[in-house]
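One letter stands for each residue in the lines below.
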Amino acid sequence: MVGYDPRADGRNVSNLEVAVAGSVSGLVTRVLISPLDVIKIRFQLQIERLSRSDPNAKYHGILQAGRQILQEEGPTAFWKGHIPAQLLSIGYGAVQVYKTLRNAVVTMYRTEGPLVFYKGLNPTLIAIFPYAGFQFSFYSSLKHAYEWAMPAEGKKNGAVISPNLGKSCCSCMAMGEPRREEYKIQSFDAATQQLLKTALKDPGAVDLEKVANVIVDHSLQDCVFSKEAGRMCYAIIQAESKQAGQSVFRRGLLNRLQQEYQAREQLRARSLQGWVCYVTFICNIFDYLRVNNMPMMALVNPVYDCLFRLAQPDSLSKEEEVDCLVLQLHRVGEQLEKMNGQRMDELFVLIRDGFLLPAGLSSLAQLLLLEIIEFRAAGWKTTPAAHKYYYSEVSD
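Residues numbered from 1 in each chain as written. Predicted model: local features only at pLDDT ≥ 70, side-chain atom pairs only at ≥ 80, totals over all residues. Heavy atoms only, no water.

Chemist: Sorry if this is basic, but what is going on with the packing of aromatic side chains here?
Modeler: In this description, a pair of aromatic rings is defined by centroid distance and the angle of the planes. Following the criterion strictly, the structure yields six aromatic pairs and no others. Their ring planes at 45° and their centres at 6.4 Å tell us that Tyr 234 and Tyr 288 sit as a pair that is tilted. Separated by 54 residues along the polypeptide, Tyr 234 in helix 9 (residues 229-244) and Tyr 288 in helix 12 (residues 272-288) bring together distant segments of the chain. Here Tyr 234 and Tyr 288 have matching classes, each one buried. Judged by centre distance (6.0 Å) and plane angle (75°), the ring pair of Phe 375 and Trp 380 falls under edge-to-face. An identical accessibility class is assigned to Phe 375 and Trp 380; each is buried. (Phe/Tyr/Trp six-rings, centres within 6.5 Å; stacked < 30°, edge-to-face > 60°. Helix = DSSP H or I, 4+ residues; strand = E, 2+ residues; numbered from the N terminus. Buried < 20%, exposed > 50% of the residue type's maximum accessible area, 1.4 Å probe, protein only.)

Structure, rendered in structure tokens:
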């Protein structure tokens, strides 16, 4: 017996009518309680205490949270994730043909005995043990890999190396012109290598717009190069300014970045790797290029837009995009927040909501999102407790 049979007490109600009634009931209930559910989730994700005495706490009460969400995100925010929740409620309501909880318990006990309350216990227990075992095993392995890829002394300027990048990653270097032999240009053909070397030494002797296009083109194909291309661009800009007092290269670079930015959705649809490389590259450029020792305002919104795209549900289901999102926030998140704090708040609302995706989010993605949420909450720093949790070496 799955549920209570309404015909047993003389009523003539069809199964379809019962299912429809239950579904409608579940739908209405979910609509009504969704705002409270959203507030509950926000409370669960907030690192700070739910108290007015904590100046860092965004939410400290139900009414205050409701007003703030309404003011910042509008009324539709209270029904985020509503469609999948409705599907659950409708399906659940369709099979509830009991009138009340007490009625369900009494009916089930009378008709099937006390063991009915433990039906399905054995397969549940059998499933729990391997699930828990694999979870802790993989978690320990991932922590070990994380620490191997990024020891405590490997972090610099707030940069972090995530576990699935492995040896291909290199930690971020301090801003400034590096030694020219450090540029990884071996993957270019001989003529292009010579073009780039000349642009670094004698920028007036080459076509700098062509140089900008070469660097962007290669950055979209090579994620390793895209991580350090900003240093090369910075060095060429400095060399051109010192030699001729002009900005031909910077203008060509920004124009090309704008073109790729406008076609970013097409790029993502065409090549996920190319899209990730582009986000890495534009964030790298934002990190290095300065105007009066300040980040370029012209790049703030494009960088934000790219990060917002990475925080959408369909992107969070892909580890490459989650990894890119977290890496770039480690690199430029603090700078971006200083330039536009409201957009950073909105971005982290998306990240927190994404952390609770009912399906499609891998364990690694969850770990990365949780780490960046705590990283920002701590003032864009890794606390000793967080470092121990995420990066400490697992003992044998």
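Chemist: How should the side chain of Thr 280 be read in this particular structure?
Modeler: Counting through the fold element by element, Thr 280 comes out in helix 12. What makes Thr 280 buried here is its relative accessible area of 8%. If near-sequence neighbours (up to four positions away) are discounted, Thr 280 is found in contact with Ser 226, Lys 227, Cys 324 and Gln 328. (Contact = heavy atoms within 4.5 Å.)

Chemist: Looking at this structure, I do not really get unusual backbone geometry. What am I missing?
Modeler: Backbone phi values are negative for most residues with the exception of glycine, while trans is the configuration of most peptide bonds. Positive phi, normally seen in glycine, also occurs at Trp 380, with a value near 60°. In this fold, Trp 380 is placed in the loop between helix 17 (363-377) and helix 18 (384-391).

Chemist: Even after reading the chapter, I still don't get the pattern of salt bridges, so can you show me in this structure?
Modeler: Any two side chains of opposite charge can pair, given that their charged atoms come close. Within this structure, the stated rule accounts for 12 salt bridges. With its nearest N and O atoms 3.1 Å apart, the salt bridge here joins Lys 58 to Glu 72. Of this pair, Lys 58 sits in the loop between helix 1 (15-45) and helix 2 (62-73) while Glu 72 sits in helix 2, and the two are 14 residues apart along the sequence. Among the residues examined, Glu 72 registers a relative accessible area of 36% and is labelled partly exposed. Here Asp 217 and Arg 256 are joined by a salt bridge, their closest N and O atoms 2.5 Å apart. In this pair, Asp 217 is assigned in helix 7 (residues 208-219) and Arg 256 in helix 10 (residues 248-262), connecting sequence segments 39 residues apart. Of the residues examined, Asp 217 reaches a relative accessible area of 33% and is grouped as partly exposed. What you see here is one network of salt bridges that share partners, running through Glu 265, Arg 268, Arg 309, Asp 314 and Glu 321. (Salt bridge = Lys/Arg side-chain N within 4 Å of Asp/Glu carboxyl O.)

Chemist: In this structure, what is going on with a nonpolar patch on the surface? I would like to understand it.
Modeler: On the surface, a nonpolar cluster with roughly 350 Å² of combined accessible area is contributed by Val 31, Leu 32, Ile 33 and Trp 79. The topology assignment puts Ile 33 in helix 1. (Patch = residues over 30% accessible without salt bridge, like charges linked within 9 Å, V, L, I, M, F, W, Y side chains within 5 Å. Areas by Shrake-Rupley, 256 points an atom, 1.4 Å probe, with all protein chains shown as cover.)

Chemist: Just checking my understanding: could you explain the state of the cysteines for this structure?
Modeler: Formally, a disulfide is one covalent bond, and it connects the sulfur atom of one cysteine to the sulfur atom of another. By the definition in use, this model includes one disulfide. Across a sulfur-sulfur distance of 2.3 Å, Cys 223 and Cys 277 are joined as a disulfide pair. Of note, the bridge from Cys 223 to Cys 277 carries an S-S torsion of about -105° and is left-handed in sense. With Cys 223 in helix 8 (residues 223-226) and Cys 277 in helix 12, the pair connects residues that are 54 residues apart, well separated along the chain. This pair shows no difference in class: Cys 223 is buried, exactly as Cys 277 is. Left unpaired, Cys 324 is separated from the closest cysteine sulfur, that of Cys 283, by 6.7 Å. (Disulfide = S-S within 2.5 Å.)

Chemist: How should the packing of helix 9 against helix 12 be read in this particular structure?
Modeler: Remark: helix 9 packs on helix 12, axes separated minimally by 8 Å, with the N-to-C direction vectors making an angle of 45°. Considered as vectors, helix 9 and helix 12 are oriented oblique to each other. Relative to helix 12, helix 9 is oriented so that their crossing is right-handed. Residues Ala 229, Gly 230, Arg 231, Cys 233 and Tyr 234 of helix 9 form the contact with helix 12, whose participating residues are Phe 281, Asn 284, Ile 285 and Tyr 288. Here the residues of the contact of helix 9 with helix 12 are counted per class, giving six nonpolar, two polar and one charged. (Axes fitted to C-alpha atoms, helices over the stretch in contact; angles between N-to-C directions. Parallel < 35°, antiparallel > 145°, perpendicular 65-115°, else oblique. Left-handed = near helix turned anticlockwise from the far one by under 90°. Nonpolar A, V, L, I, M, F, W, Y, C, P; charged D, E, K, R; others polar.)

Chemist: I keep staring at the environment of Gln 246 and nothing clicks. Help me out?
Modeler: Examined against the element boundaries, Gln 246 turns out to sit in the loop between helix 9 and helix 10. Contacts of Gln 246, omitting those with residues within four sequence positions, involve Glu 240 and Ser 241.

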